[in-house]
Every structure is written in structure tokens, then in C-alpha cells.
Amino acid sequence: MAKLTKAQREWRPGMPKKRRSTKVMFASTVLLLEAFVMFFATLAVFGLRRAEFPPALILGVGIGLSVVMIVACAFLSKAWGVGLGWILQLILILTGIFEPAMFLVGALFALAWWYGIRTGIRLDREAGQRAREQAEWEAARPDQAAGPDQQPQAT
């Protein structure tokens with residue numbers, strides 16, 4: 001039998017589900033897309049510049065950066081995770097030194113990163129406010145608040 005996670009062991013019926021951060025979801029999406037782009041850019045540089053740079057170096061650095069972008073998704077909920085993401089944006093832009101098209105691609109992804117972080121923070125703030133207002137409303141009107149297992153009362 002599989003081992004239960006901490007969240008599964010602590011779960012009790014009626015517990016509200018923990019809300020996922022929209023900022024983390026947006027940032028993870030951008031980083032994962034960048035990892036794919038980094039992988040394909042690595043293949044492009046490998047094909048075009050194999051004579052200028054050692055192939056093992058090209059593949060090692062490119063695939064390594066792709067893996068770092070994927071692993072960075074796990075740290076986005078930490079205080080320093082977004083900072084790591086900004087560093088990866090800068091690195092992606094700087095890959096334009098080896099393939100000039102990456103200057104544009106990196107800048108566009110940095111713009112998407114900025115927009116995702118900014119919009120995610122705003123949406124998380126709005127969702128938190130809605131949750132607080134909903135909790136206040138349900139506390140003020142316990143007879144009108146229908147849970148998932150209850151039927152609304154007929155008036």
C-alpha cells in the first residue's frame with residue numbers, strides 16, 4: 001500500500017481544500033514553456049555551431065538549463081523562488097549570444113514572466129478577499145449557508 005502524504009494523513013471530513021496560488025501556476029507554466037524552448041534552442045545551436053563549440057558543452061549546458069527551469073517550478077512557492085525565476089529569465093535572454101534569435105525569444109518570455117507574476121499576485125489577492133468575504137457572510141447567516149452535503153432550505 002502506498003505511503004500517505006502529510007496532507008492526506010491530516011485530512012478530516014469537512015476540511016476546506018487549500019487554495020493553490022495563481023501566481024505559482026502562471027510562473028510554472030512560463031518556466032515549463034521556457035524549458036522546452038531552451039531544449040529546442042540547444043538543438044539549434046548544436047546543429048549550427050557544432051564546429052565553434054564542443055558538442056558536449058552545447059548539449060550539457062542547454063539540457064542542464066532546461067532541467068534547472070523545470071526544477072525551479074518546485075521552488076516558486078518559496079520567498080526566493082520568484083527571484084530564481086528572474087535570474088533564469090536573464091540567462092535565457094543572454095543565450096542570444098550564441099543564437100541571436102534568443103534575444104527576442106528571451107525578452108518575450110521575460111515579458112510573459114513579468115505579466116504572469118503581476119497578474120497572479122493580483123488574482124491571489126482578489127481570491128483571498130473573496131474567501132474572507134464569503135466566510136464573513138456564512139458566519140453572519142449560518143442558516144443560509146449550504147454545505148456540499150446539504151440541500152438549500154426552501155423558503
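What you are looking at is a predicted structure, and each value in this text was computed from that prediction instead of being measured.

A. Spatial organisation of the overall build of the protein chain. A tally of helices and strands in the protein chain yields 5 helices and 0 strands. Along its sequence from the N terminus, the protein chain presents helices and strands in the succession α-α-α-α-α. A compact globule built from 155 residues should have a C-alpha radius of gyration of about 15 Å, whereas the protein chain, at 23 Å, is more than 25% larger. Across its three principal directions, the C-alpha atoms of the protein chain cover 80 × 40 × 25 Å.

B. Spotlight on the packing of helix α3 (residues 55–72) against helix α4 (residues 81–94). Closest axis-to-axis distance for the α3/α4 pair is 10 Å, and the angle between their directions is 155°. As the angle between them shows, α3 and α4 are arranged roughly antiparallel. Note that α3 runs across α4; the crossing there is left-handed. Contacts from L65, V68, M69 and A72 in α3 reach L84, L88, I91 and L92 in α4.

C. Representation of a nonpolar patch on the surface within the structure. On the surface, a cluster of nonpolar side chains totalling about 640 Å² of accessible area is made up of F36, F39, F40, L43, I63, V67 and V71. Elements represented by at least two residues in the nonpolar patch include exactly α2 (22–48) and α3. For F40, the position within the fold is in helix α2.

D. Representation of the pattern of salt bridges in the model. As enumerated under the stated definition, the model contains 2 salt bridges in all. Here E52 and R49 are joined by a salt bridge, their closest N and O atoms 3.6 Å apart. E126 serves as the salt-bridge partner of R122, at 3.2 Å between the closest nitrogen and oxygen. One end of the pair, R122, and the other, E126, are both in helix α5 (residues 101–140), 4 residues apart, so they sit about a helical turn from each other.

E. Quick look at the confidence of the model for the protein chain. Summing up the model confidence of the protein chain, the mean pLDDT is 89 and the portion of residues at 70 or higher is 92%. Within the protein chain, the lowest mean pLDDT, 80, falls on helix α1 (residues 6–10), and the highest, 96, falls on α4.

F. Representation of the nonpolar core in the model. Formed by 19 residues in total, the largest nonpolar core has its most connected members in L31, M69, L76, L92 and W113. The set of elements that each furnish at least two residues to this core consists of α2, α3, α4 and α5. Per-element accounting of this core gives the leading share, 7 residues, to α2. Those residues in contact with L31, other than ones at most four positions away along the chain, are M69, A72, C73, L76, L88, Q89 and W113.

G. Geometry of the environment of R50. Mapped onto the elements, R50 comes out in the loop between α2 and α3. Judged by relative accessible area, which is 44%, R50 ranks as partly exposed. Those residues in contact with R50, other than ones at most four positions away along the chain, are V45, P55 and I58.

H. Just the layout of surface pockets, in detail. Considered as a void within the structure, the largest pocket measures approximately 270 Å³ in volume. Contributing to the lining of the largest pocket are 15 residues, with V45, I58, V61, G62 and F98 lying nearest its centre. Listing elements by their share of the lining of the largest pocket, those giving two or more residues are α2 and α3. With 5 residues, the top contributor of residues to the lining of the largest pocket is α3.

Each value, and the rule that gives it
Residues numbered from 1 in each chain as written. Predicted model: local features only at pLDDT ≥ 70, side-chain atom pairs only at ≥ 80, totals over all residues. Heavy atoms only, no water. Helix = DSSP H or I, 4+ residues; strand = E, 2+ residues; numbered from the N terminus. Rg over C-alpha atoms; globule rule 2.2 N^0.38 Å. Axes fitted to C-alpha atoms, helices over the stretch in contact; angles between N-to-C directions. Parallel < 35°, antiparallel > 145°, perpendicular 65-115°, else oblique. Left-handed = near helix turned anticlockwise from the far one by under 90°. Contact = heavy atoms within 4.5 Å. Patch = residues over 30% accessible without salt bridge, like charges linked within 9 Å, V, L, I, M, F, W, Y side chains within 5 Å. Areas by Shrake-Rupley, 256 points an atom, 1.4 Å probe, with all protein chains shown as cover. Salt bridge = Lys/Arg side-chain N within 4 Å of Asp/Glu carboxyl O. pLDDT = per-residue confidence, 0-100. Core = buried A, V, L, I, M, F, W, Y, C linked by side-chain atoms within 4.5 Å. Buried < 20%, exposed > 50% of the residue type's maximum accessible area, 1.4 Å probe, protein only. 1 Å grid on protein atoms, 1.4 Å probe; cavity = no way out; pocket = protein on both sides within 12 Å on 5 of 7 lines; lining within 4 Å. Points joined across faces, edges and corners; volume = space filled by probe spheres on them.

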